[in-house]
Amino acid sequence: MKSLVVYSSQSENTKKLADVVYENLDGEKDIFPVEDAPLIKEYDFIAVGFWLMAGKPDPKSAQFLEKLGKDDNLFLFATHGAAKGSEHVQNAVNHAIGLTDTAKIAGSFTCQGEVNPKVLEKVKQKPQPPIWLADAADAVGHPNEDDFVALKKIVAEL
Ligand SMILES: Cc1cc2nc3c(=O)[nH]c(=O)nc-3n(C[C@H](O)[C@H](O)[C@H](O)COP(=O)(O)O)c2cc1C
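In this report, the structure presented in the accompanying data block is examined.

Close to the ligand lie 21 residues; Ser9, Gln10, Ser11, Thr14 and Thr79 are nearest. Here Thr14 contributes a side-chain N or O atom positioned 2.7 Å from an oxygen atom of the ligand. Residue Ala54 places a main-chain N or O atom 2.9 Å away from an oxygen atom belonging to the ligand. Of all elements in the fold, only helix H1 (13–23), strand E3 (45–53) and strand E5 (73–80) reach the threshold of two or more residues within the shell around the ligand. The element contributing the most residues to the shell around the ligand is E3, with 3 residues. Here the residues of the shell around the ligand are counted per class, giving 8 nonpolar, 11 polar and 2 charged.

What follows is the structure in structure tokens.
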């Protein structure tokens, strides 16, 4: 069993989840930021971590997800400013799955990730602020220890 963890992360939130996934996988394993992700045919299991941008997986992750083949065994994880379990997040995860519609989905995990304050200030100025802005205050301090524990449990059950 050889596993690959690939993640995209601008402000380290998703990287923290990627490290937890990596540490809790058994067997041979590799971890790469998406920019350096290798050719993916040699892996039995692939975990892809993305952050939400404009209600979708960030563009680099989306590009990577599109490359996956029908036999790839995939786990998705993500961070977002929106509330965990919200429709906004569910739609984004479904979108990610849609990009990989021929891959096998072993599971998924998402949690809030603190939003860069500069980004928040910009977003607040928009004539129509995005729906997730209302939840962003609750994202402060995430991902936190509780998120890591929940993620570890899911990875252990894979
Ligand atoms: C340009 C930009 C767009 C974002 N768009 C969304 C969004 O549509 N929905 C959402 O829930 N969070 C959004 N966020 C918040 C990030 O997804 C969240 O803070 C995430 O944890 C960042 O992950 P990272 O630290 O791994 O880069 C956005 C953040 C940025 C910088």
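And the narrative resumes.
So, on to the packing of aromatic side chains. The relative placement of two aromatic rings is captured by the distance of their centres and the angle of their planes. Taken as a whole and assessed by the stated rule, the structure comprises 1 aromatic pair. Plain terms: the ring middles of Phe75 and Phe77 are 6.3 Å apart, the flat faces sit at 25° to each other, and that makes the pair stacked. Given the relative accessible area of 0%, Phe77 is considered buried.

A word on the nonpolar core. Core analysis: the largest hydrophobic core is formed by 26 residues, its most contacted members being Ile46, Val48, Phe64, Leu65, Leu74, Leu76 and Trp132. Contributions of two or more residues to this core are made by strand E1 (2–7), E3, helix H2 (59–66), E5, helix H3 (87–99) and helix H4 (117–125). The next biggest cluster of nonpolar side chains, apart from the first, holds 16 residues, and it includes Tyr7, Phe75, Phe77 and Leu151.

Turning to unusual backbone geometry, a few remarks are in order. Residues His142 and Pro143 are joined by a peptide bond in cis, for which omega reads 0°. Within the secondary structure layout, Pro143 lies in the loop between H4 and helix H5 (145–156). In this structure, Glu12 is a non-glycine residue whose phi angle is positive, near 80°. Positive phi outside glycine occurs at Ala54, with the angle close to 50°. As for its position among the elements, Ala54 is in the loop between E3 and strand E4 (56–57). The class for Ala54 is exposed, based on a relative accessible area of 72%.

Criteria and cut-off values
- Residues numbered from 1 in each chain as written.
- Predicted model: local features only at pLDDT ≥ 70, side-chain atom pairs only at ≥ 80, totals over all residues.
- Heavy atoms only, no water.
- Near = heavy atom within 4 Å.
- Polar contact = N/O pair within 3.5 Å; in protein donor to acceptor, adjacent residues only side chain to side chain.
- Helix = DSSP H or I, 4+ residues; strand = E, 2+ residues; numbered from the N terminus.
- Nonpolar A, V, L, I, M, F, W, Y, C, P; charged D, E, K, R; others polar.
- Phe/Tyr/Trp six-rings, centres within 6.5 Å; stacked < 30°, edge-to-face > 60°.
- Buried < 20%, exposed > 50% of the residue type's maximum accessible area, 1.4 Å probe, protein only.
- Core = buried A, V, L, I, M, F, W, Y, C linked by side-chain atoms within 4.5 Å.

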